[in-house]
Amino acid sequence: MPTKEHGQIVETPTEARQGEPGPSMLAVLTISTIALIFVFAIVWFLFFRT
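What counts, and at which threshold
Residues numbered from 1 in each chain as written. Predicted model: local features only at pLDDT ≥ 70, side-chain atom pairs only at ≥ 80, totals over all residues. Heavy atoms only, no water. Helix = DSSP H or I, 4+ residues; strand = E, 2+ residues; numbered from the N terminus. Patch = residues over 30% accessible without salt bridge, like charges linked within 9 Å, V, L, I, M, F, W, Y side chains within 5 Å. Areas by Shrake-Rupley, 256 points an atom, 1.4 Å probe, with all protein chains shown as cover. Salt bridge = Lys/Arg side-chain N within 4 Å of Asp/Glu carboxyl O. Buried < 20%, exposed > 50% of the residue type's maximum accessible area, 1.4 Å probe, protein only.

Participant: Got a sec to walk through the environment of Gly22? Specific residues and values, please.
Facilitator: The topology assignment puts Gly22 in the loop between helix 1 (13-17) and helix 2 (23-47). Here the alpha-carbon distance between Gly22 and Val10, two residues twelve residues apart in the chain, equals 24 Å.

Participant: Explain a nonpolar patch on the surface to me, and be specific about the residues and the numbers.
Facilitator: A cluster of nonpolar residues, Leu36, Val39, Phe40, Ile42, Val43, Trp44, Phe45, Leu46, Phe47 and Phe48, forms a patch on the protein surface that exposes about 1,100 Å² of accessible area. Looking at where Leu36 falls in the secondary structure, it is placed in helix 2. Judged by relative accessible area, Leu36 falls into the partly exposed class, the value being 45%.

Shape is all these values report; function is a separate question.
In C-alpha cells, the structure reads:
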C-alpha cells in the first residue's frame, strides 16, 4: 500500500509498475486487430486471388 513520507507518495517498485488496463487499452487492441484483418484481406485479394 502506498504511503506518504514528507508529502510524497512512496511505493515499492512492484506497486509503481502496476497499471490498470482500462477501456482505452481494450479499444486500441480491438481497433488494431480489426485493422490488421483488413490489411491481410486486401493483400490477399490483390496478390493471391486467382
